[in-house]
Amino acid sequence: MSGDRRAAIHVRPEPVHARPEREEPSMKQYLRLGVNIDHVATIRNARGGVHPDPVRAATQAVKAGADGITAHLREDRRHISDGDIERLTDQLTVPLNFEMAATDEMLEIALRHKPHAACIVPEKREEQTTEGGLDVAAGHDVLAPYVGRLVDAGIRVSMFIEADPAQLDAARAVGAPVVELHTGAYCDARDADRPAELVRIVKAAAHAEDIGLECHAGHGLTFDTVSPVAAIPTIVELNIGHFLIGEAIFGGLESSIKRMRALMDRVRADAVGKRSA
Ligand code: PXP
């Protein structure tokens, strides 16, 4: 990357502060569902063969109401493979959201395949899953060139972050148009602590709108935890994987996705109805 380009990327926009007296956040009518198919690949890789095929799962997910497919190509290739990304890019009829760590290898792959979206996530080899959000505030100088290259290639970039206003401000400063709020702490909280975790997400989603960022959310969502998140008016997309794939064991993939889709639609319709009543 040329020195000029780096310098251009590193210019931080003026900080934007929340309106002192905020109006009610606007109500987005439709909530998209991105289905994460990583764990279909986890099962396949347990035996090292080709079954079950994550691309077939993606096709079924679309039939069942997924608006997009999410796949995380990890550095250690523990689930999704390079070949999966290639086939998804060729065969998907809906947008692909490519989850990636901010590394030169992943940047090269993203620029080669040009998915609709790229979600930059933190990645540690020893973690079981993406355990927390990306520290964009601390990582500005490292992350900005990656975001810049992806945005310049026409890829919609989101940053996977904790529901923390400072991280949202940092995501904006780094040049990302979208944030995905990590819902893991909310989903994993004990019943007594969950309301406070939800409030953090509600506030962060409102802040996203204030500073002009599109807001998504995901991680750990289930039939039991999705509704309060789906009701948050400024969130426009949820990305859900592990639970849906697990539920598919009991009732099939289409059934688990259709049920999630119906829940989300009902909650969003109720929220829109309440707003206009
Ligand atoms: N969003 C992001 C950015 C993720 O990293 C993950 C997990 O890979 C998800 C959503 C989906 O989380 P889960 O599989 O727990 O539903």
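Structure: see above.
So, a few notes on the structure that sits alongside this text. Everything quoted here is computed from the prediction, not taken from an experiment.

**Considerations on the site of the ligand**
And step 1. Close contacts around the ligand come from 14 residues, with Glu-99, Glu-180, Gly-220, Gly-241 and His-242 the closest.
And step 2. At 3.4 Å, a side-chain N or O of Asn-36 approaches an oxygen atom of the ligand.
And step 3. With respect to the ligand, the backbone of Gly-220 contributes an N or O atom lying 2.8 Å from an oxygen atom.
And step 4. When the ligand sits alone it has 390 Å² of accessible area, and the protein chains cover 95% of it.

**A short note on helix α4 (residues 82-91)**
And step 1. Within α4, burial applies to Asp-84, Ile-85 and Leu-88. Down the axis, α4 shows its buried residues gathered within 100 degrees of arc, on one side only.
And step 2. Packing partners of the buried residues in α4 comprise α2 (38-47), α3 (54-63), β2 (68-72), β3 (96-100) and α5 (104-113).

**Digging into the pairing of strand β6 (residues 178-182)**
And step 1. When you tally the buried positions in β6, you get five out of five residues, the bulk of the element.
And step 2. Residues Val-178, Glu-180 and His-182 line one face of β6 and the alternating positions Val-179 and Leu-181 line the opposite face, and both faces are buried.
And step 3. The sheet contact formed by strand β5 (residues 156-161) and β6 spans four bridges and is parallel. Paired with Ile-161 across the two strands is Leu-181, which belongs to β6.
And step 4. Taken together, the five bridges between β6 and strand β7 (residues 214-218) define a ladder with parallel strand orientation. Bridging across to β7, Glu-180 finds its partner in His-216.

**With respect to the sheet that holds strand β4 (residues 117-120)**
And step 1. Read around the barrel, eight strands follow the order β1-β2-β3-β4-β5-β6-β7-β8 and close on themselves; strand pairing throughout is parallel. Going from strand to strand, the sheet's axes swing by 25 degrees on average, the running direction of each strand aside.
And step 2. Bridge count for β4 against β5 is four bridges, and the pairing is parallel. What sits directly across from Ile-120, in β5, is Met-159.

**Structural notes on the packing of helix α11 (residues 242-251) against helix α12 (residues 253-276)**
And step 1. Relative orientation of the contacting elements α11 and α12 amounts to 125 degrees, with a least axis distance of 7 Å. Between α11 and α12, the angle falls in the class oblique. Here the hand of the crossing between α11 and α12 comes out right-handed. Residues Phe-243, Leu-244, Ile-245, Glu-247, Ala-248 and Gly-251 of α11 pack against Leu-253, Ser-255, Ser-256, Ile-257 and Met-260 of α12.
And step 2. Its residues assigned to classes, the contact of α11 with α12 shows seven nonpolar, three polar and one charged.

**Section: the pattern of salt bridges**
And step 1. The tally for this structure, following the rule as stated, stands at 16 salt bridges.
And step 2. A salt bridge links Arg-77 to Glu-105, with the shortest nitrogen-to-oxygen separation between them at 2.6 Å. Highlighted residues: Arg-77 in the loop between β2 and α4 and Glu-105 in helix α5, separated in sequence by 28 residues.
And step 3. Via salt bridges that share partners, Arg-32, Arg-156, Glu-214 and Glu-237 belong to a single interconnected network.

Reading the values: the criteria
- Residues numbered from 1 in each chain as written.
- Predicted model: local features only at pLDDT ≥ 70, side-chain atom pairs only at ≥ 80, totals over all residues.
- Heavy atoms only, no water.
- Near = heavy atom within 4 Å.
- Polar contact = N/O pair within 3.5 Å; in protein donor to acceptor, adjacent residues only side chain to side chain.
- Areas by Shrake-Rupley, 256 points an atom, 1.4 Å probe, with all protein chains shown as cover.
- Buried < 20%, exposed > 50% of the residue type's maximum accessible area, 1.4 Å probe, protein only.
- Helix = DSSP H or I, 4+ residues; strand = E, 2+ residues; numbered from the N terminus.
- Arc of directions from axis to C-beta.
- Contact = heavy atoms within 4.5 Å.
- Pairing = 2+ DSSP bridges.
- Axes fitted to C-alpha atoms, helices over the stretch in contact; angles between N-to-C directions.
- Parallel < 35°, antiparallel > 145°, perpendicular 65-115°, else oblique.
- Left-handed = near helix turned anticlockwise from the far one by under 90°.
- Nonpolar A, V, L, I, M, F, W, Y, C, P; charged D, E, K, R; others polar.
- Salt bridge = Lys/Arg side-chain N within 4 Å of Asp/Glu carboxyl O.

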